[in-house]
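Residue-level structural notes
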Amino acid sequence: MAISTDERPPERVKFWTKPESERARAARPLAALDIAEDVIQFVVAAVLVALGAVVLYQSVLDFFSEKAAFATRVTDVTNGVLFVVIVLEILTTVVAHFEVGGFQLKPFLIIGIISAVRHILSVGAQESLVGAESTAAFRQAQIELGVNAGVVLALVIGLILVRRTDAEDNEEADVE
């Protein structure tokens, strides 16, 4: 049974509630920290947009201006574009924090998947272009490919589990 505020002893009422001026005083530093956090995240978002634009511009410029073999240029531009995709996913995470607040797990899993796939493509392209210089180099490349494939698999499983959990939470919220 809940006790209403009127039934509480006067000396305990002060313990349970703070005067309005104390709450306002305590909220000021928190509001300042929230504003500072928003400013920093805005700057981070602007830097990410600029970084993505510069990398994309430089990748396309290098693709058309370098004298390297076509396969090398394609590999380099693909690597640059995938890096831009990773930067944009990070930007999406920052923007989502502005809109929703809190920690977003799914974008980090997606960033990890893209990053691991990017590394797999880079190693595969390097092996195709350069070829195995030695048995040890070939073995090292195969280990890198296997580890990155395992990372992709683990992150995809994690993403599936997170999405299922979100779907179950949404179903439970609909029932209530």
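A short tour of the structure in this document, coming up. (Residues numbered from 1 in each chain as written. Predicted model: local features only at pLDDT ≥ 70, side-chain atom pairs only at ≥ 80, totals over all residues. Heavy atoms only, no water.)

Another point: a nonpolar patch on the surface. Residues Ile35, Val39, Phe42, Val43, Val47 and Phe98 make up a contiguous nonpolar surface patch of roughly 590 Å² in combined accessible area. Here the nonpolar patch gets five residues from one element, more than from any other, and that element is helix H2 (residues 20-65). Mapping Phe98 onto the fold places it in helix H3 (residues 70-99). When its relative accessible area of 37% is taken as the criterion, Phe98 is described as partly exposed. (Patch = residues over 30% accessible without salt bridge, like charges linked within 9 Å, V, L, I, M, F, W, Y side chains within 5 Å. Areas by Shrake-Rupley, 256 points an atom, 1.4 Å probe, with all protein chains shown as cover. Salt bridge = Lys/Arg side-chain N within 4 Å of Asp/Glu carboxyl O. Helix = DSSP H or I, 4+ residues; strand = E, 2+ residues; numbered from the N terminus. Buried < 20%, exposed > 50% of the residue type's maximum accessible area, 1.4 Å probe, protein only.)

Contact geometry of H3 with helix H4 (residues 106-130) gives a least axis separation of 10 Å together with a crossing angle of 170 degrees. With respect to H4, the axis of H3 lies roughly antiparallel. Of the residues in H4, those in contact with Ala71, Thr72, Thr75, Asn79, Leu82, Phe83, Val85, Ile86, Glu89, Ile90 and Thr93 of H3 are Pro107, Phe108, Ile110, Ile111, Ile114, Ser115, Arg118, Leu121, Ser122, Ala125 and Leu129. Its residues placed into classes, the contact of H3 with H4 shows 14 nonpolar, six polar and two charged. (Axes fitted to C-alpha atoms, helices over the stretch in contact; angles between N-to-C directions. Parallel < 35°, antiparallel > 145°, perpendicular 65-115°, else oblique. Contact = heavy atoms within 4.5 Å. Nonpolar A, V, L, I, M, F, W, Y, C, P; charged D, E, K, R; others polar.)

With that settled, consider H3. Given 3.6 residues per helical turn, the α-helix brings residues three or four places apart onto the same face. Across its 30 residues, H3 extends 43 Å between first and last C-alpha, which sits within 8% of the 44 Å expected from 1.5 Å per residue. Burial in H3 covers these residues: Arg73, Thr75, Val77, Gly80, Leu82, Val84, Ile86, Val87, Leu91, Thr93, Val94 and Ala96. (Expected span 1.5 Å × (residues − 1).)

The next subject is the pattern of salt bridges. Two side chains of opposite charge can pair, provided their charged atoms sit close to one another. Taken as a whole and judged by the stated rule, the model has one salt bridge. In this structure, the salt-bridge partner of Asp166 is Lys106, at a minimum N-O distance of 3.0 Å. One end of the pair, Asp166, is in helix H5 (residues 135-175); the other, Lys106, is in helix H4, with 60 residues separating them in the sequence. Residue classification places Lys106 among the partly exposed positions, given a relative accessible area of 30%.

On to the packing of aromatic side chains, then. For the coordinates displayed, the defined rule picks out two aromatic pairs. An aromatic cluster is built from Phe63, Phe64 and Phe70, whose rings are joined through pairwise contacts. Arg73 extends its terminal NZ or CZ atom over the ring of Phe63, reaching a point 5.5 Å from the ring centre. (Phe/Tyr/Trp six-rings, centres within 6.5 Å; stacked < 30°, edge-to-face > 60°. Lys NZ or Arg CZ within 6 Å of the ring centre and 35° of its normal.)

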